[in-house]
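Spelled out from the first residue to the last, the chains are:
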Amino acid sequence: ETDKTYTRLPLNRDTMTDVNSLDYDGTYLATSRLQLALAHASGDGGAISCENTVDAVSGLLYGQTIDGYASLNMDAIGVLNHLADGVTVTIEDDFSKADPSLKEGETVTLTDEQAMHYVRGRMNVGDGSNESRMRRQAQFMSGLKQKLTKKCQEDNAFALEIYDALEPYMVTSLSRNDFIKLAAELIGDEEQEPLEIQGTSGVGETGFNEFTVDEESLAETVRQLFYDVKEDGGTAND
């Protein structure tokens, strides 16, 4: 039995954690402390890479079980935006170098091309940080969820339409039935505020961006996500 709520946990792609390096066929090569994003860069770019990412995320979260995955390539951003008839956002960053049609301070319903720039852009947008991009991605996801939920409520078959539209751009462990069941649960359940693991960003010895998690923040996030706190101060695994 659940309390009919769910929570998103965005993870910084630069998070330093234990990542397995794999050959193209999935052969294990080594484990190193690397940016989380490099887990997907290892392997075949498909299911092997996704499973390696699952392993890295599970390890970061103290070995929590991850029941499924869905990986979308960047072209799917426009597809999702199209399915939603355009996601509405308020532009809070300077996009003058990346897409002058996105004017800071305006509230706009994104075209599919604008959605790509809004979700993907970093180097020439605002302060150029991944943290700012994550904030935009969260804003896009909230607007997308609102519109797609409304469409699914109006048409029971729309979740299948979403799956079929995304399938060419997606690698997933979820079957169509799993996807539809999950969509129904997300429509019916209450979304709680996304959690955020605190940490510090900097440039590592290799010259690449690194995000080092605050261990207390990580532990508290895992506790909130995966455990019920009992009145006696103990915990029970969710």
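Note that the structure is predicted; figures quoted are calculated from it, not measured.

**With respect to the packing of helix 3 (residues 76–83) against helix 4 (residues 112–120)**
Consideration 1: In contact at an axis separation of 8 Å, helix 3 and helix 4 are set at 125° when each is read in the N-to-C sense. If you check the angle between helix 3 and helix 4, you find them oblique. Relative to helix 4, helix 3 is oriented so that their crossing is right-handed. Taken together, the residues of helix 4 that come into contact with helix 3 (itself represented by Ile 77, Gly 78, Asn 81 and His 82) are Asp 112, Ala 115, Met 116 and Val 119.
Consideration 2: Residue classes in the contact of helix 3 with helix 4 are distributed as four nonpolar, three polar and one charged.

**Points about helix 6 (residues 158–166)**
Consideration 1: Burial in helix 6 covers these residues: Phe 158, Ala 159, Ile 162, Tyr 163 and Leu 166. Each buried residue of helix 6 lies within a common arc of 150° when the element is viewed along its axis, so the set occupies one face.

**What about the packing of helix 6 against helix 7 (residues 176–188)?**
In a packed pair of helices, the relevant descriptors are the angle between the two axes and the axis-to-axis distance.
Consideration 1: As a packed pair, helix 6 and helix 7 sit with axes 9 Å apart at the nearest point and diverge in direction by 130°. In terms of orientation, helix 6 and helix 7 fall into the oblique class. When the axes of helix 6 and helix 7 are compared, the crossing they make is right-handed. Contact residues: Ala 159, Leu 160, Ile 162, Tyr 163 and Asp 164 in helix 6; Arg 176, Phe 179, Ile 180 and Ala 183 in helix 7.
Consideration 2: Counted by class, the contact of helix 6 with helix 7 contains seven nonpolar, no polar and two charged residues.

**Description of the pairing of strand 10 (residues 209–213)**
Consideration 1: Bridge count between strand 9 (residues 199–203) and strand 10: five bridges; the pairing is antiparallel. Looking at strand 10, one finds that Thr 200 is bridged to Thr 212.
Consideration 2: Between strand 9 and the antiparallel strand that follows it, strand 10, lie five residues; Gly 207 among them carries a positive phi value of about 90°.

**Examining the pattern of salt bridges**
Consideration 1: Following the criterion strictly, the structure yields 11 salt bridges and no others.
Consideration 2: In this structure, Glu 191 engages Lys 145 in a salt bridge whose closest nitrogen and oxygen atoms are separated by 3.8 Å. Note that Glu 191 is positioned in strand 8 (residues 190–191) and Lys 145 in helix 5 (residues 130–154), a separation of 46 residues in sequence.
Consideration 3: For the salt bridge of Asp 164 with Arg 176, the shortest nitrogen-to-oxygen distance reads 2.8 Å. Taken as a pair, Asp 164 in helix 6 and Arg 176 in helix 7 lie far apart in primary sequence, 12 residues in all.
Consideration 4: When salt bridges that share partners are traced, they join Glu 92, Asp 93, Arg 135 and Arg 136 into one network.

What counts and what doesn't
- Think of each chain on its own: its residues are numbered from 1, step by step along the sequence as written.
- Predicted model: local features are reported for residues with pLDDT of at least 70 only, side-chain atom pairs are reported and counted for 80 or more only, and whole-chain, interface and lining totals are derived from all residues.
- The side-chain values count all of the structure's non-hydrogen atoms but skip hydrogen atoms and water molecules.
- Interaxial angles span 0 to 180 degrees and are taken between N-to-C directions of axes, which are lines fitted to C-alpha atoms, for helices over the stretch in contact.
- Here a strand is any run of E in DSSP of at least two residues, a helix any run of H or I of at least four, and the numbering for each starts at the N terminus.
- By definition in this entry, angles of less than 35 degrees are roughly parallel, angles greater than 145 are roughly antiparallel, angles of 65 to 115 are roughly perpendicular, and the rest are oblique.
- Take the far helix as your reference; a near helix turned counterclockwise from it by less than a right angle gives a left-handed crossing, and one turned clockwise gives a right-handed crossing.
- It only takes one pair of heavy atoms within 4.5 Å for two residues to be counted as in contact.
- Ten residue types, Ala, Val, Leu, Ile, Met, Phe, Trp, Tyr, Cys and Pro, are classed as nonpolar, four, Asp, Glu, Lys and Arg, as charged, and the remainder, Gly among them, as polar.
- Remark: exposure states derive from per-residue accessible area (1.4 Å probe, protein chains only) relative to the maximum for the residue type, with buried under 20%, exposed over 50%, and partly exposed in between.
- The arc refers to the directions leading from the helix axis to the C-beta atoms.
- The pairing criterion is simple: DSSP has to find at least two bridges between the two strands.
- Throughout this description, the term salt bridge denotes a Lys or Arg side-chain nitrogen within 4 Å of a carboxyl oxygen of Asp or Glu.

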